[in-house]
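# Secondary and tertiary structure notes
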Amino acid sequence: CEEDAAFGADMVSLVAELLQQEIVDRNGLLTEEYFEKGITIGGVVITQDYLQKLLLAKAAVAAGIEVLGKEYGILDFSEISRIYIAGGMGFTMSEDAAIRIGMFPETFRKKTVAVGNTSLAGAYYFARAKAAKEEAQELKRMARKINLARHPDFSKLYCDKMVFNIWS
């Protein structure tokens, strides 16, 4: 899993670079020269298949951010002071590259913090401290479950985000 997370983070950076060099267009298509066989960068072969998978993931994350913002009444993401990125990918992913491909809005710049495996840390903390149990109960009371796939705005936002470097 850690290896997959690092590979995913590397792909974000590589694609951001390919977009800048105009080897990949905003629709995730390689230029004609590389379209059939892909392009090799640092021993990694980037193919149309990889680009399309990254584009799907990027669109889901970007659309999810917008849906969550709407659900919590945040219309201007510049109001957010800190964004915590959980999981292994957050440790190695370039904030700049995520912004350049349109995964994160520009207003997230210099606000993201990688927090690692938060589920494991939370379970450990919860198991070790009574105060944590009380805090967890309070968080549970405050939390809302939002099913992105069933949210009325998600599909349209997802389709809108199905291009690189787009944020509305």
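Please refer to the structure higher up on the page.
Residues numbered from 1 in each chain as written. Predicted model: local features only at pLDDT ≥ 70, side-chain atom pairs only at ≥ 80, totals over all residues. Heavy atoms only, no water.

### Points about the packing of aromatic side chains
Under the counting rule described, the total for this entry stands at 3 aromatic pairs. Each ring, one from Phe104 and one from Phe108, has its centre 5.7 Å from the other, and the planes form 45°; the classification is tilted. For Phe108, a relative accessible area of 4% gives the class buried. An angle of 20° between the planes, with centres 5.7 Å apart, marks the rings of Phe154 and Tyr158 as stacked. (Phe/Tyr/Trp six-rings, centres within 6.5 Å; stacked < 30°, edge-to-face > 60°. Buried < 20%, exposed > 50% of the residue type's maximum accessible area, 1.4 Å probe, protein only.)

### Structural notes on the pattern of salt bridges
Per the counting criterion, the structure on display carries 9 salt bridges. For Lys53, the salt bridge goes to Asp49, with nearest N and O atoms at 3.2 Å. Within this pair, Lys53 and its partner Asp49 are both found in helix α3 (residues 48-71), separated by 4 residues, close to a single helical turn. Note that Lys156 is salt-bridged to Asp160, the shortest N-O span being 2.8 Å. (Salt bridge = Lys/Arg side-chain N within 4 Å of Asp/Glu carboxyl O. Helix = DSSP H or I, 4+ residues; strand = E, 2+ residues; numbered from the N terminus.)

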